[in-house]
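# Descriptive analysis of the structure
Single-letter residue listing:
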Amino acid sequence: RHASMLGVVRWSWQLLSPAARKLLPQLSVVAGSFSLDTAVTLAQSAPIDAALALQELVAHSMLRAEPGRDRYAMFELIREFAATELPAADVRALHQRHRQWLTAWFAGLPLSTPLQQVRPEVPNLAAALVQAEADGADADAARLAHAAQTALSAIALPAPALAALQRCANRLPAGGL
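All of these numbers come straight from a predicted model, not from anything done at the bench.

## Comments concerning the overall build of the protein
A tally of helices and strands in the protein yields 10 helices and 3 strands. Along the protein, helices and strands appear, N-terminal first, in the series α-α-β-α-α-β-β-α-α-α-α-α-α. Expected size for 177 residues packed as a compact globule is a radius of gyration near 16 Å; at 17 Å, the protein falls within 12% of this value. With 177 residues in all, the protein has 46% of them scored as buried. For the protein, the share of sequence-separated contacts (at least 6 apart) that also reach a separation of at least 24 residues comes to 69%.

## Let's talk about unusual backbone geometry
Located in the positive-phi region is Q44, a residue other than glycine, with phi close to 50°. Mapped onto the elements of the fold, Q44 is located in the loop between helix 3 (36-43) and helix 4 (47-59). For S61, which is not glycine, the phi torsion reads 60° and is therefore positive. You can see S61 is positioned in the loop between helix 4 and strand 2 (64-65). Of the residues examined, S61 reaches a relative accessible area of 48% and is grouped as partly exposed.

## Comments concerning the packing of aromatic side chains
For the coordinates displayed, the defined rule picks out 4 aromatic pairs. Their ring planes at 20° and their centres at 6.2 Å tell us that W101 and W105 sit as a pair that is stacked. Of this pair, W101 and W105 are both found in helix 6 (residues 88-107), 4 residues apart, which corresponds to roughly one turn of the helix. Judged by relative accessible area, W101 falls into the buried class, the value being 12%. In this structure an aromatic cluster arises from ring pairing among W101, W105 and F106. Positioned over the ring face of F75 is R64, at 4.8 Å from the centre of the ring.

## So, the pattern of salt bridges
Scanning the entire structure with this criterion turns up 8 salt bridges. A salt bridge links E66 to R69; its shortest N-O distance comes to 3.1 Å. Residue class for R69 comes out partly exposed when judged on its relative accessible area of 40%. A salt bridge links R143 to D140; the nearest nitrogen and oxygen atoms lie 2.8 Å apart. Of this pair, R143 and D140 both sit in helix 9 (residues 138-148), separated by 3 residues, roughly a single helical turn. Given a relative accessible area of 13%, D140 falls into the buried group.

## A word on the layout of surface pockets
By volume, the largest pocket amounts to about 210 Å³. Lining of the largest pocket is provided by S35, L36, D37, R69, D70, R71, W101, W105, Q116, Q117, P120 and E121. When contributions to the lining of the largest pocket are tallied by element, the ones reaching two or more residues are helix 3, helix 6 and helix 7 (115-118). Residues of the lining of the largest pocket, tallied by class, amount to 4 nonpolar, 3 polar and 5 charged. Looking at the second largest pocket, it is lined by 13 residues, and the ones nearest its centre are P110, L111, T113, T150 and A151. Breaking the lining of the second largest pocket down by element, the ones donating at least two residues are helix 6 and helix 7. Tallied by class, residues from the lining of the second largest pocket come to 10 nonpolar, 3 polar and no charged.

Reading the values: the criteria
- Residues numbered from 1 in each chain as written.
- Predicted model: local features only at pLDDT ≥ 70, side-chain atom pairs only at ≥ 80, totals over all residues.
- Heavy atoms only, no water.
- Helix = DSSP H or I, 4+ residues; strand = E, 2+ residues; numbered from the N terminus.
- Rg over C-alpha atoms; globule rule 2.2 N^0.38 Å.
- Buried < 20%, exposed > 50% of the residue type's maximum accessible area, 1.4 Å probe, protein only.
- Contact = heavy atoms within 4.5 Å.
- Phe/Tyr/Trp six-rings, centres within 6.5 Å; stacked < 30°, edge-to-face > 60°.
- Lys NZ or Arg CZ within 6 Å of the ring centre and 35° of its normal.
- Salt bridge = Lys/Arg side-chain N within 4 Å of Asp/Glu carboxyl O.
- 1 Å grid on protein atoms, 1.4 Å probe; cavity = no way out; pocket = protein on both sides within 12 Å on 5 of 7 lines; lining within 4 Å.
- Points joined across faces, edges and corners; volume = space filled by probe spheres on them.
- Nonpolar A, V, L, I, M, F, W, Y, C, P; charged D, E, K, R; others polar.

Everything listed here is a matter of coordinates, which is why it stays silent on function.
What follows is the structure, encoded as structure tokens:
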């Protein structure tokens, strides 16, 4: 059954425009739902180009648009397939761009940000912290955690993300970030 589903995904993949085929693998580095801004950052493209590619991916059922929100989500089977289409040389840079975008996003939030605005990014934050540890980007993890500190005062991170952050912090030089 899995093989037949993968065949359908491959068939749908072939029907996509080059822009959509480029964007989908880039989005596979995001763990949870994401916004147009996230897609623009990962694709390093103009917002209109990313928006058109996102709409095409939704129309081809490669992404789903979350009703009533300006967010998109990827089905796990699609994410797995898209990740295989991502050149290995691009993965680390995409993770770094995603961490930088999250850091800037959290840093730009006002002190009284509603929790419903922060919650959708928590899975992405947790995955970014774990990935920062895997990439050896300890300073990135520290900057991201610092930027997210106020927003997360009422939301707990999952244990694996906290453990990864602790290991990153332990490797930072004394007096560093």
